[in-house]
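Working through the structure, step by step
For reference, the chains in residue letters:
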Amino acid sequence: MGHLFSRWKSVCCKLFAMFIDEAKISLKAGDGGAGCVSFRREKYVPRGGPDGGNGGHGSKIIFVANKGESTLIRFRYKRIFESENGRPGESSSKHGRQGEDLILTVPCGTVIKDAESGDILCDLTEDRQEFTAVNGGRGGKGNEHFKSSRYQAPRFAQPGEPGERKTVLLVLKLLADVGLVGLPNAGKSTLISRLTAAKPKIADYPFTTLAPKIGVVAVEDDAFVMADMPGLIEGAHLGKGLGTRFLKHIERTSVICHLVDISDPDPEKILHDFEVIEAELKGYGHSLSEKREVVALTKIDALEGGEAPEEILRIFESRGIQTVPLSAVSGKNLEKFVRLVYELLREKRGS
Ligand SMILES: Nc1nc2c(ncn2[C@@H]2O[C@H](COP(=O)(O)OP(=O)(O)OP(=O)(O)O)[C@@H](O)[C@H]2O)c(=O)[nH]1
Ligand SMILES: [Mg+2]
């Protein structure tokens, strides 16, 4: 038990070191520059008129989605971002320069939330999609602006307005068509490594995968994106294990593939394993449990004759659950599995 706990701890530490999919950052847009109070001074012009220029506007902070990025790691150490202030106005009617906008690039699939209210401000899904998170303050008017027939020599100017401040939470949700879920060691990473060019770490201990990995599965002359997830355990939706952090990635997938290891063909154990994960998907909510699902019964090469026992197939069949027995090691039924997933995706896409 103690051993498991220490493994948890080391897993969590490594997790934060490797994959940043949430970041809370403070933003402060540029202040507007102050307007200037000044009067023209020229030889032979004893009482020159007002010539104080306007202050420049403060700059904005803009998030831009960039398909070339895949983590929020750049926000790990730097958490406070400020954009440039507008320059103050000057004499001789010179207006202050506007501050330069600060562009922060984030991966596609980043949701920007107000950290205080939790409200979603923007969902950056498309490459180059933009969102202005905070606006700069307006520059103040110089005294020249206030000159009128009654006020020939205004001795005042407007100060610049302060730029907006906001604390935002960036949450990265992967954009994958299909998400692989299952208990630790179910064979998720092995399967994705067989079907795609992704090269995740594979090992016979739980929680080998600490961060989601995505790969592209080629099928006919089309393709779909598959995401390998860290293993889920009982209580994941309540914050146990690595599950919660990553269950949100599955929210956006169209199809869920639930992998159940049947190399130990004990029907009770298999059913229990299956139900643990189903309960987690249900417990998490966000309509995860209503998604289209394929159940892959894995590691059949380890069974006698390399086939799934009839008894086990019947258990799922009697519950109306679609299964594909397969082996990522021998390659059996992998094509069938891909085709089935693809069909479901096409149904979902309506094509
Ligand atoms: N015999 C057999 N072993 C498999 C098969 N697929 C995976 N394994 C083994 O099962 C173990 C776990 O495989 P992984 O692919 O790392 O499992 P995972 O579900 O990604 O595990 P986590 O990342 O910890 O959640 C490894 O030792 C694999 O070699 C299979 O089809 N047949
Ligand atoms: Mg894995």
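As the structure is a computational prediction, the values presented were derived from the model and not from experiment.

Quick notes on the rules
Residues numbered from 1 in each chain as written. Chains lettered and ligands numbered in written order. Predicted model: local features only at pLDDT ≥ 70, side-chain atom pairs only at ≥ 80, totals over all residues. Heavy atoms only, no water. Domains from an automatic or database assignment. Contact = heavy atoms within 4.5 Å. Buried area = accessible area lost by both parts, 1.4 Å probe. Salt bridge = Lys/Arg side-chain N within 4 Å of Asp/Glu carboxyl O. Polar contact = N/O pair within 3.5 Å; in protein donor to acceptor, adjacent residues only side chain to side chain. Axes fitted to C-alpha atoms, helices over the stretch in contact; angles between N-to-C directions. Helix = DSSP H or I, 4+ residues; strand = E, 2+ residues; numbered from the N terminus. Parallel < 35°, antiparallel > 145°, perpendicular 65-115°, else oblique. Nonpolar A, V, L, I, M, F, W, Y, C, P; charged D, E, K, R; others polar. Pairing = 2+ DSSP bridges. Expected span 1.5 Å × (residues − 1). Buried < 20%, exposed > 50% of the residue type's maximum accessible area, 1.4 Å probe, protein only. Lys, Arg positive; Asp, Glu negative; His and termini not counted.

For the rest of this paragraph, the subject is the domain arrangement of the chain. Domain boundaries in the chain define domain 1 (19–172) and domain 2 (178–349). Computed from C-alpha atoms alone, the centre-to-centre distance between domain 1 and domain 2 is 48 Å. With nine residues of domain 1 in contact, the opposing surface of domain 2 contributes seven residues. Both faces considered, domain 1 and domain 2 share a buried interface measuring about 600 Å² in area, 46% of it formed by carbon and sulfur atoms. Where domain 1 touches domain 2, the interface holds zero salt bridges. Our enumeration of links across domain 1 and domain 2 arrives at zero residue pairs in polar contact (both at pLDDT 80 or more).

Let us look at the packing of helix 2 (residues 188–195) against helix 6 (residues 334–349). Here helix 2 crosses helix 6 at 90°, and the two axes come no closer than 12 Å. With respect to helix 6, the axis of helix 2 lies roughly perpendicular. Between helix 2, through Leu191, Arg194 and Leu195, and helix 6, the contact on the second element is made entirely by Leu334, Phe337 and Val338. Of the residues in the contact of helix 2 with helix 6, the class split is five nonpolar, no polar and one charged.

Before going further, it helps to spend a moment on the sheet that holds strand 5 (residues 110–114). Across the sheet, which stays open at both edges, the five strands sit in the order 3-1-8-5-6 with mixed pairing between neighbours. Every other strand in the sheet has two partners, leaving strand 3 (80–82) and strand 6 (120–124) as the edge strands with one partner each. Strand after strand, the sheet turns through a mean of 25° between neighbouring axes, direction not considered.

Next up on the list: helix 6. The α-helix advances 3.6 residues per turn, and as a result positions three or four apart in sequence lie on the same side. For helix 6, spanning 16 residues, the distance from its first C-alpha to its last is 22 Å, which sits close to the expected 22 Å at 1.5 Å a residue. Every buried residue of helix 6 is listed here: Leu334, Phe337, Val338, Leu340, Val341, Tyr342, Leu344 and Leu345. At the C-terminal side of helix 6, glycine 350 shows a positive phi close to 75°.

In this section: the environment of phenylalanine 63. Looking at the secondary structure, you find phenylalanine 63 in strand 2 (residues 61–66). C-alpha separation for the pair phenylalanine 63 and isoleucine 103, spaced 40 residues apart in sequence, amounts to 5.9 Å. Apart from the residues lying within four places of it in its own chain, the contact partners of phenylalanine 63 are Ile25, Leu27, Leu104, Val106, Ile112, Leu124, Gln129, Glu130, Phe131, Ala133, Val168 and Leu170.

Once that is clear, we can look at the side chain of aspartate 114. Within the secondary structure, aspartate 114 is located in strand 5. Summary of buried charges: aspartate 114 has no salt-bridge partner, and the nearest side chain of opposite charge, lysine 166, is 5.7 Å away. For aspartate 114, the side chain forms a polar contact with the main-chain nitrogen of glutamate 116, separated by 2.8 Å. In contact with aspartate 114, other than residues within four places in its own chain, are Asp119, Leu121 and Thr167.

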